[in-house]
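# Topology and contacts: notes
Letter by letter, the chains look like this.
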Amino acid sequence: MGINLTYIPPIICGVSFVLTALFARKVPLASSLISVFTILCSFILFIFILTDFLSSDLNSIKFSIDWIVVSDMRITWGILLDSLSVTMLGLITLVALLVQIYSISYMKGDSRFGWYFSVHSLFAAAMITVVLVDNLILLYFAWELVGLGSYLLIGFWYEKRAASEAAKKAFITTRIGDVALLIGIILIFKSTGTFDISSIFHIARNGGISENILTISTFLIFLGAMGKSAQFPFHVWLPDAMEGPTPVSALIHAATMVAAGVYLVARMMPLFSLAPYVLDFVVFIGLFTFIFAGTMAIVMHDIKRVLAYSTISHLGLMMMSLGFMGVASAIFHLIVHGISKALLFLGAGSLMHEMDGETDIRKMGGLINKMPITAITFIIGSVSLAGIIPLSGFFSKDEILLTVFEKGGILILLPALAGAFLSSLYMFRLTFITFFGSLKNDNSKVGESPILMTLPLILLALLAIFMSILLLEISTFKGFIYFISGHKAHLNLLLIVFSSILSFVALILAWFIYIKDSKYLIDWYKSKMKWNYNLILNKYYIDELYQYIINQIIIRFAQFVALFDRLVVNDIGVDRSSLSIRFLGLRLKLIQTGKMHGYAISMLFGFLILILTWAIL
Amino acid sequence: MIDLIHIQILSAIMFCIGVYGVMTRRSAILILMCIELMLNAVNINFIGFAAFRDFSESQRIFGHVIVVFIITIAAVELALAIAIILRLYKNKSSVNIDEVDLMKW
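Conventions and cut-offs
- Residues numbered from 1 in each chain as written.
- Chains lettered and ligands numbered in written order.
- Predicted model: local features only at pLDDT ≥ 70, side-chain atom pairs only at ≥ 80, totals over all residues.
- Heavy atoms only, no water.
- Helix = DSSP H or I, 4+ residues; strand = E, 2+ residues; numbered from the N terminus.
- Rg over C-alpha atoms; globule rule 2.2 N^0.38 Å.
- Axes fitted to C-alpha atoms, helices over the stretch in contact; angles between N-to-C directions.
- Parallel < 35°, antiparallel > 145°, perpendicular 65-115°, else oblique.
- Contact = heavy atoms within 4.5 Å.
- Nonpolar A, V, L, I, M, F, W, Y, C, P; charged D, E, K, R; others polar.
- Salt bridge = Lys/Arg side-chain N within 4 Å of Asp/Glu carboxyl O.
- Buried < 20%, exposed > 50% of the residue type's maximum accessible area, 1.4 Å probe, protein only.
- Pairing = 2+ DSSP bridges.
- Expected span 1.5 Å × (residues − 1).
- Left-handed = near helix turned anticlockwise from the far one by under 90°.
- Phe/Tyr/Trp six-rings, centres within 6.5 Å; stacked < 30°, edge-to-face > 60°.
- Lys NZ or Arg CZ within 6 Å of the ring centre and 35° of its normal.
- Buried area = accessible area lost by both parts, 1.4 Å probe.
- Polar contact = N/O pair within 3.5 Å; in protein donor to acceptor, adjacent residues only side chain to side chain.
- pLDDT = per-residue confidence, 0-100.
- Core = buried A, V, L, I, M, F, W, Y, C linked by side-chain atoms within 4.5 Å.
- Patch = residues over 30% accessible without salt bridge, like charges linked within 9 Å, V, L, I, M, F, W, Y side chains within 5 Å.
- Areas by Shrake-Rupley, 256 points an atom, 1.4 Å probe, with all protein chains shown as cover.

The helix and strand inventory of chain B stands at three helices and zero strands. When the helices and strands of chain B are placed in sequence order, the string is α-α-α. At 17 Å, chain B has a C-alpha radius of gyration far larger than the 13 Å of a compact globule built from 105 residues. In terms of overall dimensions, chain B has C-alpha extents of about 55 × 25 × 25 Å along its principal axes.

Take a look at the structure:
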């Protein structure tokens, strides 16, 4: 029953968007309930789909209806249901459901309460469509809609200048990648004549796409994924996107939209696997982003920005795994990270909710006694992401490290381990500074958040602890890695021991620095390595560099184009030609004398000239 | 013996008289008459060709038919033109077309 209803979730979410957008102003609470209800229905449908899918031997299922048919080209509304899309569907509907429930309480009293929920519905519809569609053109449409949803939600408080600037920045930065993605899709279409994903794979495997085209188009598709997943040159938008409401950051900028890039690469993996140079590039970008964003997460003072850089860093880790064709481990880390990071963002939102929107961790501290549920769930989330052994984050990270070790060897593994060490360190730093230490005086009246906010936190924390059960074999289910890739998972004991030792070292280091308050290390770092500290604190001056490029090159060029437009196109092309016609008209109108004889004579002579030319020629 | 060439010369002379008249006369009535002259010169040309060339019967009838058409159209045109000239005379008390140059820039 479930599988035939796969097309329902995006449709009901879309309908919910239209309904709530129409009535949001009149009945904000009702529209929020509609939105939550539809996403709840989607989640229940997901459970039916999942049970059906598991009982049908994991065969991928495809059904589609024609939309546009032009001779050989056909564009369809179609659904491709395989283990990858089922997993993503589950992650999206679950996180969206919990975030929306949380938002009812978090956004209470906001002037655009109803509109917030209708954009959430739009985003959910688009995001579900991205993971379910069977052809690239529809995927691109949904991809753009996801970008729109992100834009609207980042700029939700558009009265704040920073928020509207951040929304613009996010939209334009991801846009650059999107254009590359579109070109890549068109290139593939040109050489295969179809948009259908599985047909493209079939053609590519039989050598229907030349190697150059394959390399270029997968590279362009990866650029699109880099834009959405905030990989290195495009990472600048994600930290700024934290200007949006915190639940939005939990949904879009931790669990779903930024995961779309990872999903896209995983989905197109059969194409990427035929383009080894692009895979090397994916590994390089992933590894670099993993470490690069990790260093920034260590020095930031804004709780949401720390989480944002951590997200970028972990997305880099997933990309690296994809670069080694470890789709299963990347997707497993994607869902574990999605759950844990959503938990952390919601926890941060809970803190901000009680502290009047304060995000600076230096003004927090000792909050564990004031907000026990938030604190404990937050600690679970960060311990999971830091990779301490029994939690699911450890296993997912370990799967990736194992893939890296097997495919890339020790030379890639060492920097990856360094990145993992960084990610443990900044997670513990964040937790220790926020929840331990001494309570600040301003925060003496802080209390626990309402039940609607703590309930999703508790659920997500339980998931963050027990997700690793998915890796085990339970009756017919042969473990998550088998579910995605068809291979059994295996473990490398040496790697497990080594990476857990590394995480514990990070824990102890963070303990000494931030709880025992041994200023020695920090002072040494800040004084001796001042240039380095400032470099990282200013985000490696990449924003400034981009601003410089925009000012010096793009705006100069735009000014030149504007000048050309004014002087050549407008003055000469338009004004001059119209003026010359006007002048000609002024002279020529004098011919029209109104004297009949003049007309008769000119008629006669005209006729004679016509006859003469005809006779001569 | 009268031949096609004589008819054509007659037609040409009549047409030239007509053109000359249109060019030189000032009175609207006279110009109209000259136009009629030109039309009839054409008619004579048609009749001449129909009578003196060795066309088949069905093609010969063609020339006659066109002449009848031209006569009809000339009559209609004349009626219209006379009406316009009458209105002109009522307004200006003159039919001298040099005085009528309202239709200029």
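Moving on, we come to the packing of helix α3 (residues 83-106) of chain A against helix α4 (residues 113-132) of chain A. Residues and elements named next belong to chain A. Contact geometry of α3 with α4 gives a least axis separation of 9 Å together with a crossing angle of 175°. In terms of orientation, α3 and α4 fall into the roughly antiparallel class. Note on element contacts: α4 touches α3 through Phe113, Tyr116, Phe117, His120, Ser121, Met127, Ile128, Val131 and Leu132, opposite Ser85, Met88, Leu89, Ile92, Thr93, Val99, Gln100, Ser103 and Ile104. Residues belonging to the contact of α3 with α4 are distributed by class as follows: 12 nonpolar, six polar and no charged.

Residues and elements named next belong to chain A. For the coordinates displayed, the defined rule picks out 15 salt bridges over all chains. One salt bridge connects Lys160 with Glu243, and the closest N-O pair in it is separated by 3.3 Å. One end of the pair, Lys160, is in the loop between α5 (136-154) and α6 (161-192); the other, Glu243, is in the loop between α9 (237-240) and α10 (246-255), and 83 residues separate them in sequence. Judged by its relative accessible area of 39%, Lys160 falls in the partly exposed class.

Here the focus is the pairing of strand β2 (residues 73-81) of chain A. Residues and elements named next belong to chain A. Bridge count for strand β1 (residues 61-70) against β2 is nine bridges, and the pairing is antiparallel. Residue pairing for β2: Val70 is matched across the bridge by Met73. Counting the residues in the hairpin turn of β1 and β2 gives two residues, including Ser71, whose phi is positive at 40°.

Most of the time, phi is negative for any residue but glycine, and the peptide bond is trans. Residues and elements named next belong to chain A. Even without a glycine there, the phi angle at Ala230 is positive, about 55°. Inspection of the secondary structure puts Ala230 in the loop between α8 (211-228) and α9. By relative accessible area, which is 0% here, Ala230 ends up buried. Despite not being glycine, Met325 has its phi angle at roughly 60°, a positive value. Here Met325 falls in the partly exposed class, since its relative accessible area comes to 40%.

Turning our eyes to something else, we now look at helix α21 (residues 493-515) of chain A. Here α21 of chain A spans 32 Å end to end across 23 residues, near enough to the 33 Å set by a 1.5 Å rise per residue. Restricting attention to buried positions, one finds in α21 of chain A the residues Leu495, Ile496, Ser499, Ser500, Leu502, Ser503, Ala506, Ala510, Ile513 and Tyr514 of chain A.

Before going further, it helps to spend a moment on the packing of helix α16 (residues 372-386) of chain A against helix α17 (residues 392-408) of chain A. Residue and element names in this part refer to chain A. At a minimum axis separation of 6 Å, α16 and α17 run at an interaxial angle of 20°. Comparing the axis directions of α16 and α17 gives the class roughly parallel. The way α16 lies across α17 gives a crossing that is right-handed. On α17, the residues touching Ser384, Leu385 and Ala386 of α16 are Ser392, Gly393, Phe394 and Lys397. The class makeup of the residues in the contact of α16 with α17 is three nonpolar, three polar and one charged.

Residues and elements named next belong to chain A. Under the definition given, this model contains 21 aromatic pairs over all chains. Following the ring pairs from residue to residue traces out a cluster consisting of Phe113, Tyr116, Phe117, Phe156 and Trp157. The aromatic ring of Phe156 is capped on one face by Arg112, whose charged end is 5.2 Å from the ring centroid.

Right, let's talk about the interface of chain A and chain B for a bit. Accessible area lost when the parts come together is the quantity often used to give the size of an interface. With 12 residues of chain A at the contact, the number on the chain B side is 14 residues. Of the roughly 1,000 Å² buried where chain A meets chain B, counting both sides, 65% is carbon and sulfur surface. Along the contact surface separating chain A from chain B lie zero salt bridges. Where chain A packs against chain B, one counts two residue pairs in polar contact (both at pLDDT 80 or more). Classifying every residue of the side of chain A that touches chain B gives six nonpolar, four polar and two charged.

On to the environment of Trp157 of chain A, then. Residues and elements named next belong to chain A. Relative to the helices and strands, Trp157 resides in the loop between α5 and α6. A sequence separation of 12 residues divides Trp157 from Lys169, and the C-alpha atoms of the two residues are 15 Å apart. If sequence neighbours within four positions are ignored, Trp157 has contacts with Met107, Asp110, Arg112, Ala163, Glu243, Gly244 and Pro245.

Counting all residues, the mean pLDDT for chain B is 89, and 99% of those residues have values of 70 or more. Listed scores for the predicted complex are pTM 0.78 and ipTM 0.83.

Here the focus is the nonpolar core. Generally speaking, soluble globular proteins have nonpolar side chains that are buried together. Residue and element names in this part refer to chain A. One finds Phe222, Leu271, Phe272 and Leu322 to be the most contacted residues of the largest nonpolar core, which totals 177 residues. The element contributing the most residues to this core is helix α15 (residues 327-354), with 17 residues. Residues Val283, Phe290, Leu417 and Leu502 belong to the second largest nonpolar core, which totals 16 residues.

All names here are of chain A. Among the surface-exposed residues, Ile373, Ile451, Leu452, Leu455, Ile458, Leu459, Leu462, Phe466, Ile469 and Leu472 lie close enough to one another that they form a single nonpolar patch of about 860 Å² accessible area. Counting residues per element, the nonpolar patch draws most heavily on helix α19 (residues 451-466), which supplies seven residues. With respect to the helices and strands, the residue Leu455 is situated in helix α19.

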